[in-house]
Amino acid sequence: MSFPKDFLWGGSISAAQIEGAWNEGGKSPVSVDYCTAGSTTGRREIWYLDQNGQKAHKMWEPVDELPEGCQYQLFDDLHYTNHVASDFYHHYQEDLALMHEMGYTTFNTSISWARIMPYGIKGGVNQEGVEFYRHVFTLAREYGMDPVITLYKYDEPVSLNEQHGGWRNRAMIDEFVEFARVCFTEYKDLVNKWMTFNEINIIMPQTDTPLETAKRNIIYLHNQLVAAAKATIVAHEIDANLKVGAMICGNMNYPLTPDPLDALATYERFQDFFGYSADTQMRGYYPPYAKRIWAQYGKPEITQEDKDILMKGKSDFLGFSYYASGIVTTHEIESDDTTGGNVLGTIKNPYLERNEWGWQIDPVGFKHFLHIINDRYNAPLFDVENGIGLIETEDEDGVCHDPARIAYHKAHIQCMKEAVEEGVNLFGYTTWGCIDLVSAGTGQMDKKYGFVYVDMDDQGNGDLHRSRKDSFYWYQKVIKSNGEDLD
Ligand code: BG6
């Protein structure tokens, strides 16, 4: 057997992207509740009232804040995909039964902060929200799953932005830690594996980030890193057996040319985007090369207390996502040579195929990436997100046939298997969006990731019925054989 016999197999979803019920059960609004769907080329947008009371919109960001003096507002003529999403809130029993049928031994979702503490510390705990997740986790346990639960996935209640001005304010650290404390206390007997911030590095400045935003994000990220470490300390105080992981968005890039400057830029991209956050969370302190980053964007205020917290609140394991690879260069390129990517657009790689959003499919890059992080951190690893977005519907026979998804996962699991055989310390794999849900980047329901089809499109057409895609049966076989049978 290539995979250890207790290797965790499952799927991953997230509260804001799947639950819907945006204003039910005592939940308060989150920023994506004000977003509309983009397209294969356009990211999702948030709509609001500007300083003059006029309808306005801008690209949504993972730490979304409205410009000064603007107000959150819903408009009757817009369709908000997150309001209903896949309606997991009302379908969770059916959805967990389908996961069980596939043989899942784990599943990953996030807890909506806005369901648990809709107005932050000031408003107290919303018991209805607490009970909702208790039902979900209890059922998952009954089905024999060992859930891995994320606390934060870009969905703080907007009321906290209004109260504190968002993540620039250290008050958000206390808010988050209190929310985390409630979750650990309530669910410690049901959930043993936690992750603090989903893809905490997603707000790390990129080459095209405006300088003011980059400077701001370095401060936000510092506050989030401290909040994550503090929550980790709290979890260990509540129950020393709880395992709390980091969750970092994967990064695999190649230099465009053999120019040493391209090779250096590629390595620096890894340091900036992946290492800066992962090193800090896994080692308990900022890496030495942070100096180079701070010289560019400014150094956040780091108190002695922050340093102590970062060290004491190191992560127990490294969770990560991996979707696609990119290319880095210091040379001029033509716009025709560029393509899409998870966070940042990149350069086309002639050796790879792409999906409709331009993400480059690279299973060998996955194996390479697994080795890099295994060598670098020498810690237990968990791949909590890996998948491909495709436009799909059910065929006349009522089944969604998805050979491209099967091919994607087959190739990635094969490479993951080789990496494990070669010594990579990976203990689990959950495919992203195992039940169709709203895309985080584009807000689309048309961008499907699931093994389970959900009948809903970008305009709100669909009755939300679920059906098993071909990949459902394929993954069932993979799990049953513990990754041996990939055909
Ligand atoms: C990951 C996020 O980066 O990418 C998920 O954690 C997201 O929330 C996934 O859905 C895929 O991206 P997208 O934009 O296709 O939804």
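The structure we're discussing is the one just above.
Note that this is a predicted model, so its numbers are computed, not measured. (Residues numbered from 1 in each chain as written. Predicted model: local features only at pLDDT ≥ 70, side-chain atom pairs only at ≥ 80, totals over all residues. Heavy atoms only, no water.)

Novice: Please explain the pairing of strand β11 (residues 317-321) as it appears in this structure.
Specialist: The element β11 is largely enclosed, with a buried count of five among its five residues. Burial along β11 is two-sided: the residues Phe317, Gly319 and Ser321 and Leu318 and Phe320 are all buried. Bridge count between strand β9 (residues 243-249) and β11: five bridges; the pairing is parallel. Within β11, the position partnered with Gly245 by the bridge is Phe317. With four bridges connecting them, β11 and strand β17 (residues 381-385) associate as parallel partners. (Buried < 20%, exposed > 50% of the residue type's maximum accessible area, 1.4 Å probe, protein only. Helix = DSSP H or I, 4+ residues; strand = E, 2+ residues; numbered from the N terminus. Pairing = 2+ DSSP bridges.)

Novice: What is the right way to read unusual backbone geometry from this model?
Specialist: Comment: phi is negative for the bulk of residues other than glycine, and the bulk of peptide bonds are trans. With a phi angle near 45°, Ala21 is a residue other than glycine that sits in the positive phi range. Of note, Ala21 is situated in the loop between α1 (15-18) and β2 (35-36). With a phi close to 45°, Asn378 is a non-glycine residue in the positive phi region. Secondary-structure assignment places Asn378 in the loop between α13 (363-377) and β17.

Novice: How do you make sense of the pattern of salt bridges when you look at a structure like this?
Specialist: Opposite charge on two side chains permits pairing when their charged atoms draw close. The tally for this structure, following the rule as stated, stands at 28 salt bridges. Residue Asp77 pairs with Lys55 through a salt bridge whose shortest N-O separation is 2.8 Å. Taken as a pair, Asp77 in the loop between β5 (71-72) and α2 (81-84) and Lys55 in strand β4 (residues 55-59) lie far apart in primary sequence, 22 residues in all. Note on Asp77: relative accessible area 58%, which makes it exposed. Owing to a relative accessible area of 36%, Lys55 belongs among the partly exposed residues under this scheme. Measuring nitrogen to oxygen at the nearest pair gives 2.8 Å for the salt bridge that ties Arg466 to Asp95. Here Asp95 lies in helix α3 (residues 88-102) and Arg466 lies in strand β22 (residues 466-468), a separation of 371 residues in the sequence. (Salt bridge = Lys/Arg side-chain N within 4 Å of Asp/Glu carboxyl O.)

Novice: How should the site of the ligand be read in this particular structure?
Specialist: Around the ligand lies a shell of 15 residues, among which Gln17, Glu199, Ala440, Lys447 and Tyr449 are the nearest. Here an oxygen atom of the ligand sits 2.8 Å away from a polar atom, N or O, in the side chain of Gln17. Notes on the ligand: free accessible area 370 Å², of which the protein chains cover 98%. Considered class by class, the residues forming the shell around the ligand number six nonpolar, five polar and four charged. (Near = heavy atom within 4 Å. Polar contact = N/O pair within 3.5 Å; in protein donor to acceptor, adjacent residues only side chain to side chain. Areas by Shrake-Rupley, 256 points an atom, 1.4 Å probe, with all protein chains shown as cover. Nonpolar A, V, L, I, M, F, W, Y, C, P; charged D, E, K, R; others polar.)

Novice: Honestly, the packing of helix α8 (residues 171-187) against helix α9 (residues 211-238) in this entry has me stumped. Any pointers?
Specialist: For the pair α8 and α9, interaxial distance at closest approach is 9 Å and the crossing angle is 30°. Put simply, α8 runs roughly parallel to α9. When you trace α8 past α9, the crossing you get is right-handed. Every residue of α9 that contacts α8 at Ile173, Asp174, Phe176, Val177, Ala180, Arg181, Phe184 and Thr185 is listed here: Asn223, Val226, Ala227, Ala228, Lys230, Ala231, Val234, Ala235 and Ile238. In terms of residue class, the contact of α8 with α9 is made up of twelve nonpolar, two polar and three charged. (Axes fitted to C-alpha atoms, helices over the stretch in contact; angles between N-to-C directions. Parallel < 35°, antiparallel > 145°, perpendicular 65-115°, else oblique. Left-handed = near helix turned anticlockwise from the far one by under 90°. Contact = heavy atoms within 4.5 Å.)

Novice: It is not clear to me how the sheet that holds strand β6 (residues 106-110) should be interpreted in this structure. Could you clarify?
Specialist: Read once around its circumference, the closed barrel built from eight strands follows the order β1-β6-β7-β8-β9-β11-β17-β19, with strand pairing classed as parallel. Direction aside, neighbouring strands of the sheet carry axes that sit 25° apart on average. Alignment of strand β8 (residues 193-197) against β9, held across three bridges, turns out to be parallel. By the bridge assignment, Lys193 is partnered in β9 with Lys243. Helix-sheet contacts for helix α10 (residues 260-283) involve β8, β9 and β11, and the interaxial angle to β9 is about 170°. On top of the sheet, helix α15 (residues 470-480) reaches β1 (8-12) and β19 (426-432); it is set at about 155° to β1, its chief contact.

Novice: In this structure, what is going on with the nonpolar core? I would like to understand it.
Specialist: Most often, soluble globular proteins have nonpolar side chains that are buried together. Ranked by size, the top nonpolar core spans 144 residues in total, and within it Phe176, Trp194 and Tyr475 carry the most contacts. Ranked by residue count, the leading element in this core is α9, at 13 residues. Once you skip the residues sitting within four places of it in the chain, Tyr475 turns out to touch Trp9, Gly10, Met102, Tyr104, Ile413, Tyr429, Thr431 and Phe451. (Core = buried A, V, L, I, M, F, W, Y, C linked by side-chain atoms within 4.5 Å.)

Novice: Hey, could you run me through the packing of aromatic side chains in this one?
Specialist: Two measures describe an aromatic ring pair: the distance that separates the ring centres and the angle between the ring planes. In this structure the tally under the stated criterion is 40 aromatic pairs. Taking 6.4 Å as the distance between ring centres and 55° as the angle between the ring planes, the aromatic pair formed by Phe88 and Tyr92 counts as tilted. With Phe88 and Tyr92 both in helix α3 and four residues apart, the pair spans about one turn of that helix. Relative to Trp167, the ring of Tyr152 lies with its centre 6.0 Å away and its plane at 85°, an arrangement referred to as edge-to-face. (Phe/Tyr/Trp six-rings, centres within 6.5 Å; stacked < 30°, edge-to-face > 60°.)

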